[in-house]
Amino acid sequence: MRRTSVTADQYAPYRKHPQLFGDTFQDQWVHPDLKEITQTLPKLSPKLKLETDEVYSFDCFTPDFLDLFREELEHFYKISEEKNIDVRRPNSMNNYGVVVNEIGMRNLLTDFQQRYLWPLANVLFPLESQGGFDDHHAFIVRYNADEDLGLDMHIDDSDVTFNVCLGEPGYTGSGLTFCGNFGTSNHRIKTYKYPHQMGRAVFHLGHRRHGADDIETGTRINLIIWNHSWSYRSSEAYRQRRHNYVDEAQAPSLECLSYTHDRDFTHFRALPKQALEMDHLHPFSRIELAFSSLCGSFHCAFTMFTIFSASFGDTVSWFCRCWHRFMHRGIETNMATKSTGYR
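Because the structure is predicted, anything quoted here is derived from the model rather than measured. (Residues numbered from 1 in each chain as written. Predicted model: local features only at pLDDT ≥ 70, side-chain atom pairs only at ≥ 80, totals over all residues. Heavy atoms only, no water.)

Assigned secondary structure in the protein consists of nine helices and 12 strands. In the protein, buried positions account for 55% of the 343 residues. A separation of at least 24 residues holds for 80% of the contacts in the protein among residues at least 6 apart in sequence. Of the roughly 14,800 Å² that the protein leaves accessible, carbon and sulfur atoms contribute 53%. (Helix = DSSP H or I, 4+ residues; strand = E, 2+ residues; numbered from the N terminus. Buried < 20%, exposed > 50% of the residue type's maximum accessible area, 1.4 Å probe, protein only. Contact = heavy atoms within 4.5 Å. Areas by Shrake-Rupley, 256 points an atom, 1.4 Å probe, with all protein chains shown as cover.)

If you want it as structure tokens, here you go:
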């Protein structure tokens, strides 16, 4: 049994919509298109759209659910400030998001994952979802002209990523740019720009490089679920993907460069304003590069430990996720420096 977080316990007395903190994701919240998609599997429904290679989208949630979820989020932001409730951000690059698992929604989203996301992933991405989804990291990102504008190019610490736009209505800009898969010859080549739509989800592999374009007006809020398969993460296929790297076949697309991860970024572009304000920019020193490479060697073995971490509660689970992300970021950065001829 997974122990509830301190944040969830602190927020519990102030919940606005208790039904969002139960164990069952209610059927009336699921868009009819997603119901049809899962009911017709393994046959692919025409309601499932192939946006570009290995990137799919579908209408996911009803307008009533979007309103309900946004209201709860706004209420949480307000209460957390008034009552001084601790809020853990989803990552080091998003300053206004919320890890919704830690405010009490883990069981609700686990039910949604198991009933809808895993059956679909098992057909679309059978290798990465083998053995079922054992865990997830679910969080909110929020972009606004006065807050975080967007998110630098990156890959996810996820086997399969679910990303749905919750609103708010009326925002402009803030699309999602996709490049190639990590470790392939085209991993820094632009492949597609996905325009977010309220209630519609995009579904893709975690090792697909992508980034959130800057927002122009309004506010965009997205729910993201990083789905994890420990069976896949303990496999040889996973180890090979993490450590094999093919030299780039051509110069990278400018949109696919990462000022957070790519040591050769300034060979192609000047650093943007938000990069100059960060205190953990690359290039790494030789010692840091050596350490990130060493971390990669131990990554597969450490994954096995995390399989058994759930019984120790959220504290150990949080530590494991942080460890994975640290090595994940170091490995991506180290690999990105090996693009022969394009530094």
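With that settled, consider the state of the cysteines. A complete count under the given rule lists one disulfide for this structure. Put simply, Cys179 and Cys256 are joined by a disulfide, and their sulfur atoms are 1.9 Å apart. Of note, the bridge from Cys179 to Cys256 carries an S-S torsion of about -95° and is left-handed in sense. Of the two residues, Cys179 sits in strand E7 (residues 176-181) while Cys256 sits in the loop between helix H6 (236-243) and helix H7 (273-276), which places them 77 residues apart along the sequence. Cys256 carries the same exposure label as Cys179, and that label is buried. (Disulfide = S-S within 2.5 Å.)

Attention shifts here to the nonpolar core. Counting residues in hydrophobic clusters, the biggest one holds 49 residues, and the most contacted among them are Phe61, Phe162 and Phe203. Among the secondary structure elements, those contributing two or more residues to this core are helix H2 (32-39), strand E2 (55-59), helix H3 (63-82), helix H4 (106-124), strand E3 (135-144), strand E5 (160-167), strand E9 (200-205) and strand E12 (219-228). Of all hydrophobic cores here, the second largest spans 11 residues; its members include Val99, Phe139, Val141 and Ile224. (Core = buried A, V, L, I, M, F, W, Y, C linked by side-chain atoms within 4.5 Å.)

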